[in-house]
Amino acid sequence: MLEFIDQELEALKQTGLYRSFKTVTNSTGRLIEIDGKKLLNFCSNNYLGLANHPLVIAAANTATSEFGFGAGASRLISGNTLLHEKLEKKLAAFKGREEALVFSTGYLANLGVISALTGENDTIIIDRLNHASIIDACRLSKARLQVYKHRDLASLEAVLKRSAKCQKRLIVTDSIFSMDGDLAPLPEILSLAKKYDAVTMIDEAHATGTIGPRGQGLEEYYNLKGQVDIIMGTLSKALGSLGGFIAGEAKLIDHLRNKARSFIYTTALPPSACAAALAALEVIEAEPERKKRLQQNICLANTLLGNLRLNVAVSKEPRRSASGSLEQQSPIFPIIIGDNERTMRVSQQLYERGFYVSAIRPPTVPDGEARLRITLTSEHTKEDLECLASSLQELIPA
Ligand code: PMP
């Protein structure tokens, strides 16, 4: 019985695609301890260090004492607490929208909104490098799926022209692409959406808290506040908590409360997760220096990593200016090595030197584009980045 599983696992091992856990024994944000070994953590999405902020931890503890840990039921039964509602108000204000709805994870928020809003006669139009949760949402929806080339506006326009006959069209893009760290060309996407009468949605999982002068996301970054129809975000990255959300017009949220199956048929987020996210949003406002420090680290990484001469596959992404300097605007820096096993080896060598940098392999990224994915946080120091850069230069010499 189940011999096919042995074969499939063996095939993963043979192709360098087998995945296994590392056991975290302690974590303080900048530092992580794995099986007792202390490392600098360069692969967490805790971009502003808020998962470890004393006010965030205290808010979660207080909520647990007041409400218990589990919510005990779905939001529409007895799981809807005052904290869920307060958080939704705060998220709506942060994203400049009428209302917001919190889901148990960002993954479930994408599944819920996309499958609730689209049906048989519709077309969903996505960037080729959108997150897996968007792709899975499209699989769940009965709508037709059309994929355009990564950040390619001519390809998007061709799809819009081709799909003119369907009832409605929904364009969905990551704001910051999770494995490449580049930004969606939002101004151009919005003008194409207007020209072809399409609904727009952005996934702000990595953009919330990290981009725009106040960390409000890609609309704020491009000075286009209020222009996108549907905003999706997660509480699990810069906000240091757990959960996902959709923000938009009140009627959109009302519709989701009634139709989004991944919202209706699951237990509400623990009240402590709501309290933690609320506190994190307050800290983002009260301590703008965190965002500033993150920005400084992004600038420093552009210089340090941009100056490295590495023997790696040339990135296909337009992350370098005409003069050759690195111009990443997000905290995500991929180093595309190409070969799966070589990528794993370099990640392991970095680990031995005290740096935790994850190796990302297919199917998370396209075949032949295995990479190290370095994520920066506000908590890293200049020395942390300098040491990482010099180790990379030694381990992947030109
Ligand atoms: N969208 C993107 C772009 C993501 O990177 C992620 C998380 N990796 C999600 C959605 C899902 O969010 P969550 O982890 O809260 O389920």
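This text goes with the structure placed above it.
Residues numbered from 1 in each chain as written. Predicted model: local features only at pLDDT ≥ 70, side-chain atom pairs only at ≥ 80, totals over all residues. Heavy atoms only, no water.

A.B. asks: Account for the overall build of the protein chain, with residues named and values stated.
C.D. replies: Assigned secondary structure in the protein chain consists of 15 helices and 14 strands. Dimensions of the protein chain along its principal axes, counting C-alpha atoms only, are 55 × 55 × 55 Å. Buried residues in the protein chain amount to 56% of all 398 residues. Restricting to contacts in the protein chain with at least 6 residues of sequence separation, those with at least 24 account for 73%. (Helix = DSSP H or I, 4+ residues; strand = E, 2+ residues; numbered from the N terminus. Buried < 20%, exposed > 50% of the residue type's maximum accessible area, 1.4 Å probe, protein only. Contact = heavy atoms within 4.5 Å.)

A.B. asks: Lay out the sheet that holds strand β3 (residues 37-41) in plain terms, naming residues and giving numbers.
C.D. replies: Strand pairing in a sheet is mediated by backbone hydrogen bonds. Such pairs are either parallel or antiparallel. If you trace the four strands from one edge of the open sheet to the other, you get β1-β2-β3-β12, paired in mixed fashion. Of all the strands in the sheet, the pair left with one neighbour each is β1 (24-27) and β12 (355-356). Two elements, strand β2 (residues 31-34) and β3, share four bridges in a ladder whose sense is antiparallel. Among the inter-strand pairings, Leu-31 is bridged to a residue of β3, identified as Leu-40. (Pairing = 2+ DSSP bridges.)

A.B. asks: How would you summarise the packing of aromatic side chains if you had to cite specific residues and measurements?
C.D. replies: Counted under the stated rule, the structure contains four aromatic pairs. Their ring planes at 65° and their centres at 5.6 Å tell us that Phe-103 and Phe-263 sit as a pair that is edge-to-face. Taken together, the residues Phe-103 in strand β4 (residues 99-103) and Phe-263 in helix α11 (residues 261-264) connect sequence positions 160 residues apart. With respect to class, Phe-103 is no different from Phe-263; both count as buried. Residue placement shows Lys-22 over the ring face of Tyr-351; its charged tip is 4.9 Å from the ring centre. (Phe/Tyr/Trp six-rings, centres within 6.5 Å; stacked < 30°, edge-to-face > 60°. Lys NZ or Arg CZ within 6 Å of the ring centre and 35° of its normal.)

A.B. asks: Tell me about the packing of helix α5 (residues 106-117) against helix α10 (residues 250-259), and please be specific about residues and values.
C.D. replies: Across the interface, α5 lies against α10 with an axial gap of 10 Å and an inter-helix angle of 100°. The orientation of α5 relative to α10 falls into the category roughly perpendicular. Side by side, α5 and α10 meet where Gly-112, Val-113, Ala-116 and Leu-117 of the first sit next to Leu-252, His-255, Leu-256 and Lys-259 of the second. In terms of residue class, the contact of α5 with α10 is made up of five nonpolar, two polar and one charged. (Axes fitted to C-alpha atoms, helices over the stretch in contact; angles between N-to-C directions. Parallel < 35°, antiparallel > 145°, perpendicular 65-115°, else oblique. Nonpolar A, V, L, I, M, F, W, Y, C, P; charged D, E, K, R; others polar.)

A.B. asks: So, the nonpolar core: which residues are in play, and what are the values?
C.D. replies: Soluble, globular proteins show a tendency: their nonpolar side chains are buried together. Judged by nonpolar contacts, the single largest core of 81 residues is most densely connected at Ile-374 and Leu-392. The leading source of residues in this core is helix α12 (residues 271-286), at eleven residues. When neighbours within four sequence positions are excluded, Leu-392 is seen to be in contact with Leu-305, Leu-308, Leu-310, Ile-335, Leu-350, Leu-372 and Ile-374. Of all hydrophobic cores here, the second largest spans 27 residues; its members include Phe-103, Val-113, Cys-138 and Ile-253. (Core = buried A, V, L, I, M, F, W, Y, C linked by side-chain atoms within 4.5 Å.)

A.B. asks: Run through the environment of Met-232, naming residues and quoting values.
C.D. replies: Counting through the fold element by element, Met-232 comes out in strand β9 (residues 230-234). Non-local contacts of Met-232, meaning those with residues more than four positions away in its chain, are made with Gly-106, Ala-109, Asn-110, Met-201, Ile-202, Asp-203, Glu-204, Ala-205, Phe-245 and Ile-246.

A.B. asks: Hey, could you go over the site of the ligand for me, with residue numbers and the actual values?
C.D. replies: Residues in contact with the ligand amount to 16 residues; listed here are only the nearest, Gly-106, Asp-203, His-206, Thr-234 and Lys-237. Contact between the ligand and His-131: a nitrogen atom at 3.3 Å from a side-chain N or O atom of the residue. The separation between an oxygen atom of the ligand and a polar side-chain atom of His-206 is 2.6 Å. Secondary structure elements with two or more residues in the shell around the ligand: α5 and β9. In terms of residues, the shell around the ligand owes the most to one element, α5, which gives three residues. Here the residues of the shell around the ligand are counted per class, giving three nonpolar, ten polar and three charged. (Near = heavy atom within 4 Å. Polar contact = N/O pair within 3.5 Å; in protein donor to acceptor, adjacent residues only side chain to side chain.)

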